[in-house]
Amino acid sequence: MAPVRIRTVFMLSLLTFSLSLSKLAFSLTENEALLKLKSSFTNAEALDDWDSRSSPCVKRWAGIICFGGLITGLHLSDFGLSGTIDIEALQQLRALRTLSLKNNSFSGQIPAFNKLGALKLLLLSHNKFSGQIPDDFFSSMASLKKVWLSNNDFTGKIPLSLMTLPHLLELHLEGNQFSGHIPTLRKPTTVTSLDLSHNKLEGEIPDSFSKFSNVSFLGNQGLCGKQLDRDCSSMVVESLPQPAAEEKKESAGSEGHTKLAIGIGALVVMGILFIATFTGRRKDKGDDFSILEKRNTR
Ligand SMILES: *[C@@H]1O[C@H](CO)[C@@H](O)[C@H](O)[C@H]1NC(C)=O
Ligand SMILES: *[C@@H]1O[C@H](CO)[C@@H](O)[C@H](O)[C@H]1NC(C)=O
């Protein structure tokens, strides 16, 4: 009997030990993930309190948002950070929902944030990100509510997948170099805040944006539509200013000629009428007689 009991106790303690070990390993993974992320940054002085000997949620590391002991947000705005962003490390933060990297010095192509499919908020404003964003980049991020890419150096078309996000509330793309036509917004009713100003967008503003005022579109030379008080059919004429100006001169000239012609014509008609009334009075009777004569001869 005794050896059996000993074996059971041993097995149970082994089980608890391995369970606590795996728990420990999990929390270490999140902790390590953050340190791995930190090591991918340069100029990370602002993250000095990110330290392997403490816990991010208990010690409240700078920029870490926790809920129920889980890391739900990384708000690393205004930290002067640059370097690369370790997306694999971010993927280890299973509860991560909000990511703000506003006002840092990150540059280059947009990192693969689209591997973080549960994000609700992605704020990248005031960095130096550049290059084109693939059309389908955001299609794996259906939970996104706020997307701020403003004041970077992004080029190319506005990704189609941004405009089809089902829960989108805020879309800020101002101060980039986005070009081409604005794609139609799939669900305009959800969006409460939109800024596409100061880019290189062109063509007609789609009807789906009718509830947004001129402020959302200013600073795009090639854009036209009701909001901007710029008629899209006149945009074609405006782009060919010289022929339009000549046309105006010509029409003004012919208008002058017409007026002159009408004036002369009126004078001539008045003259004829004047002469006709005087000469006509004399001939009146004779004319009547001659008609009568002609009728009688028939
Ligand atoms: C950006 O961050 C710096 C500190 O890194 C701060 O001095 C500056 O005011 C911030 N700018 C904006 C626009 O928030
Ligand atoms: C934007 O629209 C408002 C109201 O319609 C108007 O008062 C304002 O002048 C417009 N701004 C520009 C820059 O066109």
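Residues numbered from 1 in each chain as written. Chains lettered and ligands numbered in written order. Predicted model: local features only at pLDDT ≥ 70, side-chain atom pairs only at ≥ 80, totals over all residues. Heavy atoms only, no water.

### Let's talk about the sheet that holds strand β12 (residues 177–180)
The strand order across the open sheet built from 6 strands is β6-β8-β10-β12-β14-β15, with neighbouring strands paired in parallel fashion. Only two strands of the sheet have a single partner each, and these edge strands are β6 (107–108) and β15 (222–224). With 3 bridges joining them, strand β14 (residues 200–204) and β15 adopt parallel strand pairing. Pairing of Gly203 across the sheet is with Leu223, part of β15. (Pairing = 2+ DSSP bridges. Helix = DSSP H or I, 4+ residues; strand = E, 2+ residues; numbered from the N terminus.)

### Topic: the packing of aromatic side chains
Following the criterion strictly, the structure yields 8 aromatic pairs and no others. Between Phe154 and Phe178, the aromatic rings sit 6.1 Å apart at their centres with planes inclined by 20 degrees, giving stacked as the arrangement. Taken together, the residues span a long stretch of sequence, with Phe154 in strand β10 (residues 153–156) and Phe178 in strand β12 at a distance of 24 residues. Feature note: the residues Phe41, Phe106, Phe129, Phe154 and Phe178 constitute an aromatic cluster, connected by ring pairs. (Phe/Tyr/Trp six-rings, centres within 6.5 Å; stacked < 30°, edge-to-face > 60°.)

### With respect to the nonpolar core
Counting 59 residues, the largest nonpolar core has Trp50, Leu74, Ile85, Leu90, Phe113, Phe138 and Phe217 as the members making the most contacts within it. Elements with a contribution of two residues or more to this core: α1 (2–40), β3 (70–75) and α2 (87–91). If we skip the residues at most four places from it in the chain, Phe138 touches Leu122, Ile133, Leu144, Val147, Leu149, Pro159, Ser161, Leu162 and Leu165. (Core = buried A, V, L, I, M, F, W, Y, C linked by side-chain atoms within 4.5 Å. Buried < 20%, exposed > 50% of the residue type's maximum accessible area, 1.4 Å probe, protein only. Contact = heavy atoms within 4.5 Å.)

### Brief notes about the UniProt feature "domain: Leucine-rich repeat-containing N-terminal plant-type" (unreviewed entry) in the chain
Following the UniProt record, the feature "domain: Leucine-rich repeat-containing N-terminal plant-type" (unreviewed entry) maps to residues 30–66 here. Annotation note: span residues 30–66, helix share 30%, strand share 14%, distance between end C-alpha atoms 12 Å. (UniProt positions renumbered as here; feature names shortened; annotations may be inferred.)

### Focus: the state of the cysteines
For the structure on display, the rule yields 2 disulfides. At a sulfur-sulfur separation of 2.0 Å, the disulfide partner of Cys57 is Cys66. Negative torsions about the S-S bond denote left-handed disulfides, and the value of about -85 degrees found for Cys57 with Cys66 makes this one left-handed. The exposure class of Cys66 is partly exposed, given its relative accessible area of 28%. Through a disulfide, Cys224 is tied to Cys232; the S-S separation comes to 2.2 Å. Looking down the S-S bond of the Cys224 and Cys232 bridge, the torsion is 105 degrees, so its handedness is right-handed. Relative accessible area serves as the criterion here: at 4%, Cys224 is assigned to the buried category. By sequence-ordered numbering of the bonded cysteines, the chain has its disulfides arranged as 1-2, 3-4. (Disulfide = S-S within 2.5 Å.)

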